Amino acid sequence: MSREEQRQSMRGVREGLIEELEDLYRRAFDSIGAQDLGEGAIARLTQLLLRSREAAITPLQEEIEAPLITRAPGEPMP
């Protein structure tokens, strides 16, 4: 597998993980909304889930969006 194919494969894996996590969090938010917990408890739990979601997904997104470094620093452009 070429370097570019590996890079594309890893991107696909990360994007798939993000989709799975988004679905998991969506179901969790729906479940919380269906509970009879009271506004305060729902608000606290929702806040925790939002923080958890951000911590889980942001690193994956940042890696996808990171620029690809193809040369050493200081090396002239081809």
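Overview of the structure. Since this is a predicted model, take the numbers as computed values, not measurements.

## Remarks on the packing of helix H1 (residues 3–34) against helix H2 (residues 39–65)
The description of two helices packed together rests on the angle between their axes and the distance between the axes. Orientation of H1 relative to H2, taken along the N-to-C sense of each, is 175°, at an axis distance of 10 Å. Regarding the angle of H1 to H2, the classification is roughly antiparallel. Class assignment of the residues belonging to the contact of H1 with H2 gives a composition of 15 nonpolar, three polar and six charged.

## As for the pattern of salt bridges
Applying the stated criterion to the full structure yields six salt bridges. For Glu4, the salt bridge goes to Arg7, with nearest N and O atoms at 3.1 Å. Linking Glu4 with Arg7, this pair stays in helix H1, spanning three residues, or about one helical turn. Across the pair Glu22 and Arg53 runs a salt bridge, and its minimum N-O distance is 2.7 Å. Placement of the pair is Glu22 in helix H1 and Arg53 in helix H2, with a sequence separation of 31 residues. For Arg53, a relative accessible area of 28% puts it in the partly exposed group. One salt-bridge network, in which partners are shared between bridges, spans Asp23, Arg26 and Arg27.

Calculation notes
- The residue count restarts for each chain, going from 1 along the sequence in the order it is written.
- With pLDDT at 70 or above as the cut-off, local features in this predicted model cover only qualifying residues; side-chain atom pairs require 80 or more to be listed or tallied, and sums for whole chains, interfaces and linings still use all residues.
- Hydrogens and water are ignored here; the side-chain numbers use all heavy atoms of the structure.
- Convention adopted: a line fitted to C-alpha atoms gives each axis, helices being fitted over their contacting stretch, and angles between N-to-C directions are expressed from 0 to 180 degrees.
- Runs of H or I in DSSP of at least four residues are treated as helices and runs of E of at least two as strands, each being numbered from the N terminus.
- Any angle from 65 to 115 degrees is called roughly perpendicular, while one under 35 is roughly parallel, one over 145 is roughly antiparallel, and all others are oblique.
- Residues were grouped as follows: Ala, Val, Leu, Ile, Met, Phe, Trp, Tyr, Cys and Pro as nonpolar; Asp, Glu, Lys and Arg as charged; and all remaining residues, including Gly, as polar.
- Any carboxyl oxygen of Asp or Glu that lies within 4 Å of a side-chain nitrogen of Lys or Arg is treated as forming a salt bridge with it.
- Only protein chains enter the accessibility calculation, which uses a 1.4 Å probe; a residue whose area is less than 20% of its type maximum is buried, one above 50% is exposed, and one in between is partly exposed.

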